[in-house]
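Summary of structural features
Chain by chain, the residues run as shown.
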Amino acid sequence: MKGGSSRALTGTLEGTSYTGDGKIGGARVFDGVNDRITLSDQIPDSERFTIALWIKSEGTPGGGGALR
């Protein structure tokens, strides 16, 4: 898996599945059991950087957070 920016990092997918329902070009599905993306390198030291992602929850709206 590779990110979409000019400074993209690569990673290994573990336990996730793919769905074509993503906003742009599909998405990964995390069911909360041993799912992760392991980066091949550390995030470079930087004074400023951004981590962005889109989350679609299948839970009850207002029923909790996206992360545990």
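Residues numbered from 1 in each chain as written. Predicted model: local features only at pLDDT ≥ 70, side-chain atom pairs only at ≥ 80, totals over all residues. Heavy atoms only, no water.

**Points about unusual backbone geometry**
- For N34, which is not a glycine, the phi torsion comes out positive at approximately 60°.
- Along the chain, N34 turns up in the loop between β3 (27-29) and β4 (36-39). (Helix = DSSP H or I, 4+ residues; strand = E, 2+ residues; numbered from the N terminus.)

**Observations regarding the side chain of T16**
- Here T16 lies in the loop between β1 (11-14) and β2 (17-19).
- A distance of 2.9 Å separates a polar atom in the side chain of T16 from a polar atom in the side chain of R28.
- Once residues lying within four places of it in the same chain are set aside, the contact partners of T16 are R28, V29, F30, D35 and R36. (Polar contact = N/O pair within 3.5 Å; in protein donor to acceptor, adjacent residues only side chain to side chain. Contact = heavy atoms within 4.5 Å.)

**Some points on the pattern of salt bridges**
- As enumerated under the stated definition, the model contains one salt bridge in all.
- Among the ionic pairs, R36 bridges to E14, the shortest N-O distance being 3.6 Å. Here E14 lies in strand β1 and R36 lies in strand β4, a separation of 22 residues in the sequence.
- Given the relative accessible area of 32%, E14 is considered partly exposed. (Salt bridge = Lys/Arg side-chain N within 4 Å of Asp/Glu carboxyl O. Buried < 20%, exposed > 50% of the residue type's maximum accessible area, 1.4 Å probe, protein only.)

**Observations concerning the confidence of the model for the protein**
- When pLDDT is averaged along the protein, the result is 75; 72% of the residues meet or exceed 70.
- Of all helices and strands in the protein, the one with the weakest mean pLDDT is β3 (84), whereas β1 scores best (88). (pLDDT = per-residue confidence, 0-100.)

**Structural notes on the side chain of D35**
- In this structure, D35 sits in the loop between β3 and β4.
- We note that D35 is buried and unpaired, the nearest opposite charge coming from R36 at a distance of 7.8 Å.
- A distance of 3.0 Å separates a polar atom in the side chain of D35 from the backbone nitrogen of G32.
- In this structure, D35 is in contact with E14, G15, T16 and F30, ignoring residues within four places of it in sequence. (Lys, Arg positive; Asp, Glu negative; His and termini not counted.)

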